[in-house]
Amino acid sequence: MVFRVFLLSLFLFIVELYAFQALKTLIKLKWVLTAYQILSAIALVFIVYSFTQFDRSIGQTKQTMFTMGMLLVIYVPKIILCLIMLGEDIFRIGSGSARYFINNENFEFLNSRRKFVSQIGLGLAAIPFASLIYGITVGKYNYKVIKQRIYFPDLPEDFDGFKITQISDVHSGSFDNPEKISYAIDLVNDQDSDMILFTGDIVNTHAKEMYPWIETFNKIKEHKYGKYAVLGNHDYGEYVTWPTEADKEANFKAIKSLYGQIGFQLMLNEHTYIKKGKDKLALIGVENWGHNFKKAGDINKAAAGVNQEDFKILMSHDPSHWDYEIKNHAKHFHLTLAGHTHGMQFGIEIPGYFKWSLAQYIYAQWAGLYENLGRYVYVNRGFGFHAYPGRVGIMPEITVIELKKGDNVA
């Protein structure tokens with residue numbers, strides 16, 4: 001821990017050094033530069049101190065989220081500025097070396113820093129600075145209803161036009177605005193879907209995080225064909241140190257009961273049939289299964305007794321499950337609903353044209369709809385937020401999926 005804090009401090013000091021160089025090139029008032037140095041030092045000490053106070057027996061708190069937000073707001077822009085100034089230094093050293101070997105005369109080896117480079121650096125750094133501030137103040141509650149129509153040639157006739165609302169990754173321990181959460185629940189109800197599915201992570205760690213929000217989430221209206229849920233990786237309470245195994249198990253039991261307290265039927269490696277008219281479809285729910293996370297999900301147990309010809313909808317929190325086990329499974333799971341990634345809560349998205357996030361370098365399926373041989377996975381971008389207390393570009397999502405009978409059209 002001490003070594004990691006040392007490395008972090010050293011890295012941030014180097015970033016600060018370069019950022020100050022850029023500012024010094026543009027600003028000549030000594031009191032402004034001194035004030036900047038003092039404020040930067042205070043911020044650095046506060047961030048490093050806060051990280052040293054992290055208590056693994058408690059886990060994430062409002063304080064740690066504030067510190068993470070502060071770290072990103074201050075240092076992402078400065079890192080960008082640092083990279084630009086470092087690039088200029090490489091150019092200056094290369095230029096000085098070339099002049100030295102060409103004429104070997106008396107000259108100043110390093111040229112002075114160029115003002116326009118610092119101006120460009122500060123201009124570029126202002127973009128993530130403003131974006132991260134926006135993400136914390138507005139973006140984290142900027143809910144988007146995303147509607148997705150998916151076609152299946154073998155969809156049972158009576159389910160043509162069947163609508164499913166999906167929410168995922170609530171992370172209730174991060175909430176701080178009851179009015180915004182109530183607004184989001186109203187949005188959920190406004191969709192007037194046939195069924196609602198919740199794909200895990202009701203809390204960050206502790207069951208008690210959800211207690212202030214139970215009444216609000218109980219306002220999610222009854223859906224004609226039910227309200228179902230599965231567990232996410234955070235629901236197992238594995239990211240903190242517990243006094244005893246009994247305490248951990250008690251918390252896990254309490255978390256599982258939360259889903260029932262807000263009217264959702266929790267599915268633990270099991271399935272049920274949803275009947276509409278003369279037809280039916282199989283709804284399957286597995287516990288969390290992640291390539292780099294807990295593997296409690298058992299698809300074979302959950303789908304035992306489901307027939308090959310049944311139309312199947314699977315709830316599985318982590319989309320890596322689809323990538324590693326589901327998309328080529330012999331039982332042919334038509335549609336998988338997942339979450340987990342949050343789209344990293346930071347990225348660029350132009351619906352229908354372009355989307356980018358660091359999440360795509362970790363997950364092959366990280367936001368939206370993906371297909372493999374007529375089998376689909378939809379990855380919800382998440383209802384809440386975690387770690388960074390905001391969202392930039394990848395907004396909180398309420399998904400409405402409409403099942404349609406017809407040729408495979410994504």
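For the structure itself, look to the data block above.
Here we summarise the structure given alongside this text.

Cut-offs applied
- Residues numbered from 1 in each chain as written.
- Predicted model: local features only at pLDDT ≥ 70, side-chain atom pairs only at ≥ 80, totals over all residues.
- Heavy atoms only, no water.
- Helix = DSSP H or I, 4+ residues; strand = E, 2+ residues; numbered from the N terminus.
- Buried < 20%, exposed > 50% of the residue type's maximum accessible area, 1.4 Å probe, protein only.
- Contact = heavy atoms within 4.5 Å.
- Lys, Arg positive; Asp, Glu negative; His and termini not counted.
- Charge placed at Lys NZ, Arg CZ, Asp CG, Glu CD.
- Polar contact = N/O pair within 3.5 Å; in protein donor to acceptor, adjacent residues only side chain to side chain.
- Pairing = 2+ DSSP bridges.
- Axes fitted to C-alpha atoms, helices over the stretch in contact; angles between N-to-C directions.
- Phe/Tyr/Trp six-rings, centres within 6.5 Å; stacked < 30°, edge-to-face > 60°.
- Lys NZ or Arg CZ within 6 Å of the ring centre and 35° of its normal.

### What about the overall build of the protein chain?
Moving on, step 1. Looking only at helices and strands, the protein chain has nine helices and 14 strands in total.
Moving on, step 2. Across its three principal axes, the protein chain shows a C-alpha extent of roughly 90 × 50 × 35 Å.
Moving on, step 3. The buried share of the protein chain, taken over its 410 residues, is 50%.
Moving on, step 4. Partitioning the intrachain contacts of the protein chain with sequence separation of at least 6 by distance along the chain shows that 76% fall at a separation of at least 24.
Moving on, step 5. One way to put it: in the protein chain the 42 positive side-chain charges average out to a point 5 Å from where the 40 negative ones average out.

### What about the environment of Glu 371?
Moving on, step 1. In this structure, Glu 371 sits in strand β12 (residues 368–372).
Moving on, step 2. Taking C-alpha positions, Glu 371 is 38 Å from Lys 62, a pair spaced 309 residues apart along the chain.
Moving on, step 3. Within the structure, the side chain of Glu 371 is placed 3.2 Å from the backbone nitrogen of Leu 373, a separation counted as a polar contact.
Moving on, step 4. Within the structure, the side chain of Glu 371 is placed 2.6 Å from the backbone nitrogen of Gly 374, a separation counted as a polar contact.

### Considering the sheet that holds strand β6 (residues 270–276)
Moving on, step 1. Read from one edge of the open sheet, six strands run β6-β7-β8-β9-β13-β12, paired in mixed fashion. Each of the sheet's edge strands pairs with one partner strand only, and the pair in question is β6 and β12. Neighbour-to-neighbour, the strand axes of the sheet open up by a mean angle of 20°, direction not taken into account.
Moving on, step 2. Bridge analysis of strand β8 (residues 312–315) against strand β9 (residues 335–338) gives three bridges, and the strand direction is parallel.

### Section: the packing of aromatic side chains
Moving on, step 1. Within the structure shown, the criterion is met by 17 aromatic pairs.
Moving on, step 2. Aromatic pair Phe 20 and Tyr 36: ring centres 6.3 Å apart, planes at 20°, arrangement stacked. Within this pair, whereas Phe 20 is found in helix α1 (residues 2–26), its partner Tyr 36 is found in helix α2 (residues 30–52), the two being separated by 16 residues in sequence.
Moving on, step 3. With 5.1 Å between their ring centres and 65° between their planes, Phe 159 and Phe 162 make a pair best called edge-to-face. For the pair formed by Phe 159 and Phe 162, the shared burial category is buried.
Moving on, step 4. Taken together through their ring pairs, the aromatic side chains of Tyr 141, Tyr 143, Phe 175, Trp 213, Phe 217, Phe 383 and Phe 385 make up a single cluster.
Moving on, step 5. The ring of Trp 289 carries the charged tip of Lys 295 above its face, separated from the ring centre by 5.1 Å.

### Remarks on the pairing of β12
Moving on, step 1. When you tally the buried positions in β12, you get four out of five residues, the bulk of the element.
Moving on, step 2. As judged from the five bridges shared by β12 and strand β13 (residues 375–379), these two strands associate in the antiparallel manner. Its bridge partner being in β13, Tyr 370 is matched across the sheet by Val 377.
Moving on, step 3. The loop that links β12 with its antiparallel partner β13 comprises two residues; one of these, Leu 373, has a positive phi angle of about 55°.

### Side note on the environment of Pro 389
Moving on, step 1. Topologically, Pro 389 is positioned in the loop between β13 and β14 (397–405).
Moving on, step 2. Look at Pro 389 and you get buried, because its relative accessible area is 10%.
Moving on, step 3. As for Pro 389 and Thr 137, which are separated by 252 residues in sequence, their C-alpha atoms are 9.0 Å apart.
Moving on, step 4. Not counting residues up to four positions away in its chain, the partners in contact with Pro 389 are Met 65, Gly 69, Gly 135, Ile 136 and Lys 140.

### A word on the pairing of β13
Moving on, step 1. Among the five residues in β13, five count as buried, and that is most of the element.
Moving on, step 2. Across the two faces of β13 the burial is the same, with Arg 375, Val 377 and Val 379 and Tyr 376 and Tyr 378 all buried.
Moving on, step 3. Sheet analysis places β9 next to β13, joined by four bridges and oriented parallel. For Thr 336, the partnering residue across the bridge sits in β13 and is Val 377.

### Focus on the sheet that holds strand β2 (residues 163–167)
Moving on, step 1. If you trace the six strands from one edge of the open sheet to the other, you get β1-β14-β2-β3-β4-β5, paired in mixed fashion. Each edge of the open sheet carries a strand with a single partner, namely β1 (144–152) and β5 (265–266).
Moving on, step 2. When strand β3 (residues 195–198) meets strand β4 (residues 227–229), the two strands line up parallel, connected through three bridges. If you follow Ile 196 over to β4, its bridge partner there is Lys 227.

### Things to note about unusual backbone geometry
Moving on, step 1. Even without a glycine there, the phi angle at Asp 169 is positive, about 55°.
Moving on, step 2. Here Asp 169 is to be found in the loop between β2 and α5 (178–190).
Moving on, step 3. The class for Asp 169 is buried, based on a relative accessible area of 0%.
Moving on, step 4. In this structure, Leu 373 is a non-glycine residue whose phi angle is positive, near 55°.
Moving on, step 5. Of note, Leu 373 is situated in the loop between β12 and β13.
Moving on, step 6. Judged by relative accessible area, Leu 373 falls into the exposed class, the value being 67%.

Read these as layout, nothing more, since geometry by itself doesn't imply function.
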